[in-house]
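Structure assessment
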2 protein chains.
Amino acid sequence: LPGKGRAPGLELDKPAFVSDAQYNRNIPFKTSPEAVRLYRLYNHWMMRTATYFFIFLNLSLALFEEPAVYPLPFLATSVLEVLCLLVFLGRLTHFAKVTLHNVFWKDTKNICIMVAILLSLTDLAVYGVLRLYGVGSIRWSRIVRPVFLINFAESRQIRRAFRSIRNTLPEITYVFLLFTFSLLMFSLMALKLFGERNLQTAEGLPYFRNYLEIVFDLYVLVTTANSPDVMMPAFDFSSWYALFFIAFVIINTYIFMSLFLAVVYNNYKKHLKNEIRKLAYMKRRKMVEAFNLLKEEEGEQFVVREARWKQLVKLVAPDTSSSHRELLLRISDDEQKGFVDKKSFVQLADLLNIQVVTLRIRRHPLARWAPALYGSTPSRLLRRAVRHRAFVWTYDAIILINAIFIALDEESPYISYAEWVFLALYIIEILLKVYTYEPREFFGKTQFWNWFDTLIIIAALTATILNATLKSTMKYNSQQILDIVFILRVLRLIRIVDSIQRFQVIMNTLINIVPTMLTFGGLTLVVYCVFAIIGMELFHGKIQYFPANSNVPHALECGNPALKDSLFARGRYCKNNFNDFASSFIVLMELTVVNQWHDILGMWIQPAKLYFIAFHIVMVIIIVNIFVSFILEAFFVEYSLEKSEVETAIEQKIQELGMGVQEDELQQEQLLDNMESAEHELEGDGGTKPQSKGLVFKIASKRYRTVDALLQRMFEAEIPLEDEGPSFEEILNFNSAG
Amino acid sequence: LPGKGRAPGLELDKPAFVSDAQYNRNIPFKTSPEAVRLYRLYNHWMMRTATYFFIFLNLSLALFEEPAVYPLPFLATSVLEVLCLLVFLGRLTHFAKVTLHNVFWKDTKNICIMVAILLSLTDLAVYGVLRLYGVGSIRWSRIVRPVFLINFAESRQIRRAFRSIRNTLPEITYVFLLFTFSLLMFSLMALKLFGERNLQTAEGLPYFRNYLEIVFDLYVLVTTANSPDVMMPAFDFSSWYALFFIAFVIINTYIFMSLFLAVVYNNYKKHLKNEIRKLAYMKRRKMVEAFNLLKEEEGEQFVVREARWKQLVKLVAPDTSSSHRELLLRISDDEQKGFVDKKSFVQLADLLNIQVVTLRIRRHPLARWAPALYGSTPSRLLRRAVRHRAFVWTYDAIILINAIFIALDEESPYISYAEWVFLALYIIEILLKVYTYEPREFFGKTQFWNWFDTLIIIAALTATILNATLKSTMKYNSQQILDIVFILRVLRLIRIVDSIQRFQVIMNTLINIVPTMLTFGGLTLVVYCVFAIIGMELFHGKIQYFPANSNVPHALECGNPALKDSLFARGRYCKNNFNDFASSFIVLMELTVVNQWHDILGMWIQPAKLYFIAFHIVMVIIIVNIFVSFILEAFFVEYSLEKSEVETAIEQKIQELGMGVQEDELQQEQLLDNMESAEHELEGDGGTKPQSKGLVFKIASKRYRTVDALLQRMFEAEIPLEDEGPSFEEILNFNSAG
């Protein structure tokens, strides 16, 4: 994203190049040198990391507080909590110092944080005092803890997701009302049809007698969790009654649930487009503002002169080399007139975002340190062999054989020796590749599979050696280490997928969406935290888990005689309880998957149903559908890009100047071919061409773009360069308008 | 769709205006008068209906053949089958007579039908002979029966869905392979992690010991059907193992299943667009061809003269009135030059498709028969009251009160009297409305809710009277009639939805998609038939159902001692069997819903798993996803239309001429207002305006358009009128190209 990480240098006399958060909010920052230093500090990566650390520390306190997974004394957790809250307060104060007064107080985000801190402190104090006097009370403020995760500046993506949900709510509500109406109608029919038949369920309970219970049973049927059980008594009575359930499932499960997805997806897409339009226009406008501040008259037009332009670039991106700067200037002022016109100036942010690599310089270190050895015939032959297609095939075959060995029984000593052989083979492969390819390229940022391979192998090697040492010295197999070894061993096999061309598109999309999926991780974390804490307060201790060989009375009934013969006890679900934070998370995960959720809640009291339905609506109907929408959209963007290459105007220009290298071309083989030729020809075609400076622009590969970035450039390709876009106010009102 | 139902008159000397099937296939028909008569007969609605009847008769034979729901002697079913096959043969011969020889034999559709007839006859003969000699055999040819449903001309939609599936297969396969790979990897990990722990499931069976069983268990987990049961033993052993299952569910259930939806949806949309593009271009091209046949030179351009044009319209649409024809001419030749140019000529098909109503003429019959009474003050007041918003509110309130009464217990005699009161109130409502609004408009084709109301009320009245008669004369309550009364009573309440504005958009879309959903019904029928027949052959008689009070040994174990204590028997699933066609359908429906499917198959032998997995892949992964895609697309089209009205050029022209009435405007109230003013002003503004002829063009309302029609006009709005589109060959190759 434009200007990210370069923001600190820019607030000297103009509001351009502001960080992402500002693009969205249009916050005018203070501009004194003191404020700028504070602002730089505020955005320092250490400060950000620290904030995240304390946010997660605060959230994970629930693991140590009563009811705890790892109990800590109340004093310890409360000291930690106060510490976290102080850090948040400090961070907020810091933010207040760099922001204009009225802007800071208008931002609901900041108010939210302050209220949350206040609530937490009050609750903590009250609880502490009551505890001293031996009075039990509820730590209700714990549910506001996710507020910090949502509202601290860096979690823009999570806030965006929440905004998207908020925008979707009205339409979802209408569909939900209609769905509820349908559910109530069907329940009424069911009551009339089956209520007076004196039917019984498989457990011998009365079947479809009470209206509210029917509504709940049919709600569960919508999630398909109690199909076909809920149908069987009526079906046994008369086969025709199956038609009722078929109609119900078609209308409610298939049509209404698809409708929810349609509404969520439609809104998600609309919202995404809006946000991206806003970002693109905002960037354009800020650049125009910057231009207006720096412009001088030149002939009939206003321009920015070369010296000023260079000064600006130096200020904005202090770490660019002078040759890099020359290149940028060459692109911005391609007729070398000594100034940059408006049209070229507004592209600066995009230009700065294009990665630059010094391609020629990167020769293999061994070629520099031991050129005779590295260039010798055996060495050349070896490198050619490694680069050959057959090398890949050989290793694919090895992986397949390895898979068979893994599946075989481990008891035989030969097989456990084989494991060492395979490990050795994989290590040799990596060493050979590093020998052949340039190491820094091989471990480039975007070389996902190389990193993956190497990390897996190193971890497996470490764990296997550790395990072998433990085994031989202490005659003891560490279960944890063995488990990790097993998992790593299987993970190694995944690599085979990348060698099949057809799977690469799918795999790349999957890898691309991982960062955004973390947003959904955050979203899910927030929802889970809130529901887990409420769940613990409501259902804590209702169910106990005892290991299988325990002789506690009612161990099999989860310590609750009322559960005797229930589906819950019969399914051995005792560990699905709300007794601590971790267990609650797992129960909520099971509820997200939806199956058997009526059994999981089976034994709780009536109001629990409301809790479970609320969770289902929030998590399954809204968040899971947003997640599905996101995956759908990611793949649609990917599919539409397969055909039409979206390039920004700048990329075209770079290509025209012959200074561009698609990152795709930087893939191992072509890269190495380039390097080989460099080795042979040495100083072949030098001269005025920019390549001779060892610099080319590296244009981000399709392979590693995020959906956001792709959408943004798709949109930018649509707006003409001359278009300055709507005014600030209009841009900020996109939300309500769209 | 263009030309539909008007096709027979058109093959005299040109291939234009061919029916839908021909648009797709470009079949040149024979053009002798004899052939034309045969073609008309072939397309006669009686012939079509008869074909459908025999197709469904043939399919439903499975109900009467061994193993039968309603057993019939073998002779009867085989005579019926031969009859059906003869009808199909006749239909095919008929088709051969009207089609050119080489075209007929090139069409795989026809070959398919012939092969299917041949196979069925052979199988029937062999089975009959073997039966005579007492040798049992399999009626394997029964699975080819759905071929007739797919291949007979009218089921174009089903064939299109199958083509869409065929096109999707390659991409689905790649994703499926990747998914299978992921499944196998996770299974391998599970084997390594849990295989040697000696864990047991809740039923005391060994847990995760055998690789193939793990693969199956995890496949079931992807469908979420055995969550959380499959996790519990590992989770009980160590809480950390939950992470394995969480990772599995996120990757396989959430990501891969969304990926399947993305692939299916993407292909569905691409395919739909292609088909619609093809249709639109084909129509355009046929019209150009017709023009070239009829054209004469006029000045510098070629035109079709008025006389010829009229002759053509008379031939094509014999049932149009002369005033209607005048109107069409007026639009096609708006400068009244006595000829129609090419551009206007090609629009003829669209023009003919626009419905024409004679609006002014329709005054209330009572106003004509008894004008004094109908126009009297009390009558006017009554009609005004009925048209008032309060009338709707009153009846909404009555419906709500009725809902409460329905939910109350029926035992009290007062409540059953109340039912009569409500019935009377509803009948009065309908009578009042018919009195106030013009009856033919009130029961117009597109007045869904009026039809719905009236039919429900009449049915409820009939059933209630029938029931009361039976009760008083024979002291006997017919269960079936009572059930129907209950259902009708509840269905009446649905009407309240339509009076809430916000729900109308959703409801209208839902009503619009019903016709296309029938296509999916057909698709599902085909898949179900094939799987049901295979299922009956494989699993017939393995499980018996005995009523609850039966004293047959092992009645609770479904007559199968091996099922003792199984989840299957415990859930009282005995009626979920493949003992007859109807039961098989219900089992397949339960498998489509997916839940508990591993229990449903629980007791069958290993190969059954393959059958169940095959069904899951075909039905859930492909067909249900296509269904979801279809619903998503329908709503997206609806949403995109809410904002931008898509109008064809012709509609614009009609509006310009002031001859258009949007069907929306024809809604009851506005319509009646029009009529009122007509009553008052009588012959106000006559003259040259077309309305004076009592004719306006009725432009199809958004409310009742199908997705196909909407997409077609969206696409047509994009192609300029001058564009004749690609050549026939190109159009026909769209499929492979797109």
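One numbering rule holds for all chains: residues counted from 1, following each sequence as written. For naming, the first written chain is A and the first written ligand is 1, with later ones following in the order written. Under the rules for a predicted model, residues below a pLDDT of 70 receive no local features and side-chain atom pairs below 80 are neither given nor counted, while totals for whole chains, interfaces and linings still include all residues. To obtain the side-chain values, all non-hydrogen atoms of the structure were used and water was disregarded.

Let us now look at the overall build of chain A. Counting from the N terminus, the helices are DSSP H or I runs at least four residues long and the strands are E runs at least two residues long. In terms of helices and strands, chain A carries 34 helices and six strands. By residue count, 52% of the 738 residues in chain A fall in the buried class. The contact definition used throughout considers only heavy atoms, calling two residues in contact when any of these lie within 4.5 Å. Considering only intrachain contacts with a sequence separation of at least 6, the fraction spanning at least 24 residues in chain A is 76%. We call a residue buried when its accessible area falls under 20% of the maximum for its residue type, exposed when it is over 50%, and partly exposed in between, using a 1.4 Å probe and counting protein chains only.

Quick look at the confidence of the model for chain A now. Residue and element names in this part refer to chain A. When the pLDDT values of chain A are averaged, the result is 77; 79% of them are 70 or greater. The weakest mean pLDDT in chain A belongs to helix α1 (residues 20-25) at 41; the strongest belongs to helix α4 (residues 74-98) at 91. Here residues 663-694 is modelled with pLDDT under 50, and outside its nearest four sequence neighbours on either side it reaches 54 contacts, counting other chains as well. Reported confidence for the predicted complex is 0.82 by ipTM and 0.82 by pTM. For every residue, the pLDDT score states the predictor's confidence, bounded by 0 at the bottom and 100 at the top.

Residue and element names in this part refer to chain B. Definition used for salt bridges: Asp or Glu carboxyl oxygen within 4 Å of a side-chain nitrogen of Lys or Arg. A complete count under the given rule lists 36 salt bridges over all chains for this structure. Of the charged contacts, one joins E537 and R142 as a salt bridge, the two residues approaching to 3.9 Å between their closest N and O atoms. Pair noted here: E537 is in helix α24 (residues 501-539) and R142 is in the loop between α6 (108-132) and α7 (146-151), with a separation of 395 residues, a long-range link. For R305, the salt bridge is made with E298, and the minimal N-O distance between the two is 2.4 Å.

The next thing to look at is the environment of G522 of chain B. All names here are of chain B. Positionally, G522 belongs in helix α24. The exposure class assigned to G522 is buried, which follows from its relative accessible area of 10%. Put simply, G522 and I150 are 372 residues apart on the chain and 8.6 Å apart in space, counted from C-alpha to C-alpha. Beyond its immediate chain neighbours, meaning those up to four positions away, G522 contacts L149 and I158.

In this section: the interface of chain A and chain B. Opposite the 91 residues of chain A that make contact, chain B presents 91 residues. Here the buried area means the combined drop in accessible surface, using a 1.4 Å probe, for two parts upon being joined, counting both sides. It is K192, Y254 and K575 of chain A in chain A that bury the most area against chain B; as a group they hold 8% of the surface buried on that side. Counting the contacts that link chain A with chain B gives two salt bridges. Linking D483 of chain B and R197 of chain A is a salt bridge whose minimum nitrogen-to-oxygen distance equals 3.0 Å. Counted as a polar contact is a pair of N or O atoms within 3.5 Å, where, for protein atoms, one must be capable of donating a hydrogen and the other of accepting one, and residues adjacent in sequence contribute only when both atoms are in side chains. Between the two partners, chain A and chain B, sit 22 residue pairs in polar contact (both at pLDDT 80 or more). Listed by contribution, the elements that provide at least two residues to the side of chain A that touches chain B are α8 (156-194), α10 (232-237), α11 (242-294), α19 (389-407), α23 (479-493), α24 (501-512), α27 (581-593) and α29 (607-643) of chain A. With 13 residues, the single largest contributor to the side of chain A that touches chain B is α11 of chain A. Among the residues making up the side of chain A that touches chain B, the classes are represented as 60 nonpolar, 14 polar and 17 charged. Residue type decides the class: Asp, Glu, Lys and Arg count as charged, Ala, Val, Leu, Ile, Met, Phe, Trp, Tyr, Cys and Pro as nonpolar, and the leftover types, Gly among them, as polar.

Residues and elements named next belong to chain A. The pairing criterion is simple: DSSP has to find at least two bridges between the two strands. Sheet topology places strand β1 (residues 296-298) next to strand β2 (residues 301-305); three bridges connect them, and they run antiparallel. Across the sheet, E298 pairs through a bridge with Q301, a residue of β2. With three bridges connecting them, β2 and strand β3 (residues 339-341) associate as antiparallel partners. Within β3, the residue paired with V303 across the bridge is D341.

This brings us to the packing of aromatic side chains. Note on ring pairs: Phe, Tyr and Trp rings are taken, using the six-membered ring of Trp, and paired if centres are within 6.5 Å. Classes follow the plane angle, with under 30 degrees stacked, over 60 edge-to-face and the rest tilted. Per the stated rule, a full pass over the model turns up 94 aromatic pairs over all chains. Consider the rings of F244 of chain B and F245 of chain B, whose centres lie 5.1 Å apart with planes at 90 degrees: the pair is edge-to-face. Of the residues examined, F244 of chain B reaches a relative accessible area of 8% and is grouped as buried. Counting every residue linked through ring pairs, the aromatic cluster contains F186, F194, Y207, F208, F237, Y241, F244, F245 and F248 of chain A. If you follow K295 of chain B out to its NZ or CZ, it ends over the ring of F302 of chain B, 4.6 Å from the centre. Positioned above the aromatic ring of Y374 of chain B is the side chain of R383 of chain B, whose terminal nitrogen or guanidinium carbon lies 3.8 Å from the ring centre. Placement of a charge over a ring requires the Lys NZ or Arg CZ to be within 6 Å of the ring centre, with the centre-to-atom vector within 35 degrees of the ring normal.

Another aspect to go through is the sheet that holds strand β1 (residues 296-298) of chain B. All names here are of chain B. Taken together, three strands build an open sheet; the order of strands is β1-β2-β3 and the sheet is antiparallel. Each of the sheet's edge strands pairs with one partner strand only, and the pair in question is β1 and β3 (339-341). Between one strand axis and the next, the sheet turns through 55 degrees on average, direction left out of account. Axis definition: a line fit to C-alpha positions, over the contact stretch in the case of helices; interaxial angles, taken between N-to-C directions, run 0 to 180 degrees. Each of β1, β2 (301-305) and β3 touches helix α12 (residues 306-316); the most contacted strand, β2, lies at about 55 degrees to it.

Moving on, we come to the sheet that holds β1 of chain A. Residue and element names in this part refer to chain A. Taken in spatial order, the three strands of this open sheet run β1-β2-β3, and their pairing is antiparallel. In the strand order of this sheet, the two ends are held by β1 and β3, each with one partner. Here the average twist between neighbouring strands, direction ignored, is 55 degrees. Packed on one face of the sheet, helix α12 (residues 306-316) meets β1, β2 and β3 and runs near 55 degrees to β2.

In this section: the domain arrangement of chain A. All names here are of chain A. Note that domain bounds follow an automatic or database assignment of domains. The domain boundaries assigned to chain A delineate domain 1 (28-152), domain 2 (161-276), domain 3 (366-499) and domain 4 (512-630). Between domain 2 and domain 4, the C-alpha centre-to-centre distance is 21 Å. In this assembly, 19 residues from domain 2 lie in contact with 22 residues from domain 4. Note on domain 2 versus domain 4: buried area summed over both sides is about 2000 Å², and carbon and sulfur give 80% of it. Across the contact surface, domain 2 and domain 4 share zero salt bridges. For the side of domain 2 that touches domain 4, the elements supplying multiple residues, two or more each, are α8, α9 (211-222) and α11. By residue number, the principal contributor to the side of domain 2 that touches domain 4 is α11, which donates six residues. Across the side of domain 2 that touches domain 4, the residue classes break down as 15 nonpolar, two polar and two charged.

We place the copies in one frame by least squares, fitting the C-alpha atoms of every residue whose pLDDT is at least 70 in both. Note on the copies: chain A fits chain B at an RMSD of 0.1 Å, the axial shift is 0.0 Å, and the rotation between them is 180 degrees. Read as a symmetry element, the transformation amounts to a two-fold axis. With an isologous cut-off of 70% or more, the 100% of interface residues of chain A that recur at the interface of chain B puts this contact in the isologous class.

Residues and elements named next belong to chain A. As a packed pair, α9 and α11 sit with axes 9 Å apart at the nearest point and diverge in direction by 60 degrees. As the angle between them shows, α9 and α11 are arranged oblique. Considering only the axes of α9 and α11, their crossing is right-handed. Residues L218, L221 and V222 of α9 touch α11, and the partners they reach there are F245, F248, V249, N252, T253 and M257. For the contact of α9 with α11, a count of residues per class yields seven nonpolar, two polar and no charged. Small angles under 35 degrees read as roughly parallel and large ones over 145 as roughly antiparallel, with 65 to 115 read as roughly perpendicular and the rest as oblique. Helix crossings get a hand from a simple test, with the near helix turned counterclockwise from the far one by less than a right angle marking a left-handed crossing and a clockwise turn marking a right-handed one.

On to the nonpolar core, then. Throughout, nonpolar core names a set of buried Ala, Val, Leu, Ile, Met, Phe, Trp, Tyr and Cys residues whose side chains join them through atoms within 4.5 Å. The biggest cluster of nonpolar side chains holds 311 residues, and the ones touching the most others in it are F245 of chain A together with F245 of chain B. With near-sequence residues (within four places) excluded, F245 of chain A lies in contact with F194, Y207, F208, L218, L221, V230, M231 and A234 of chain A.

Moving on, we get to the environment of V434 of chain A. All names here are of chain A. The topology assignment puts V434 in helix α20 (residues 413-436). Judged by its relative accessible area of 22%, V434 falls in the partly exposed class. Residues V434 and H364, 70 residues apart in the sequence, show an inter-C-alpha distance of 9.2 Å. If we ignore the near neighbours within four places in the chain, the residues touching V434 are H364, P439, F442 and F443.

To continue, consider the packing of helix α2 (residues 33-42) of chain B against helix α4 (residues 74-98) of chain B. Residues and elements named next belong to chain B. Contact geometry of α2 with α4 gives a least axis separation of 9 Å together with a crossing angle of 145 degrees. In terms of crossing hand, the pair formed by α2 and α4 is left-handed. Facing A35, L38, Y39, L41 and Y42 of α2, the residues of α4 in contact are R91, H94, F95, K97 and V98. Looking at the contact of α2 with α4 residue by residue, the classes come out as seven nonpolar, one polar and two charged.

Bringing the state of the cysteines into the picture now. Residues and elements named next belong to chain A. Sulfur atoms of two cysteines make up a disulfide when they are within 2.5 Å. Tallied over the full model, the rule gives zero disulfides over all chains. Counting only cysteine sulfurs, C529 is the nearest neighbor of C112, a cysteine outside any disulfide, at a range of 17 Å. Judged by relative accessible area, which is 36%, C112 ranks as partly exposed.

Bringing a nonpolar patch on the surface into the picture now. Residues and elements named next belong to chain A. Residues enter a patch when their relative accessible area is above 30% and they make no salt bridge; the linking distance is 9 Å between like charges and 5 Å between nonpolar side chains (Val, Leu, Ile, Met, Phe, Trp, Tyr). Exposure was quantified through the Shrake-Rupley algorithm and a 1.4 Å probe, taking into account, for residues, occlusion by the shown protein chains and nothing else. A cluster of nonpolar side chains, contributed by W105, I111, V115, L119, I138 and W140, occupies part of the molecular surface with about 540 Å² of accessible area. For the nonpolar patch, the element with the highest residue contribution is helix α6 (residues 108-132), accounting for three residues. Relative to the elements of secondary structure, I111 occurs in helix α6.

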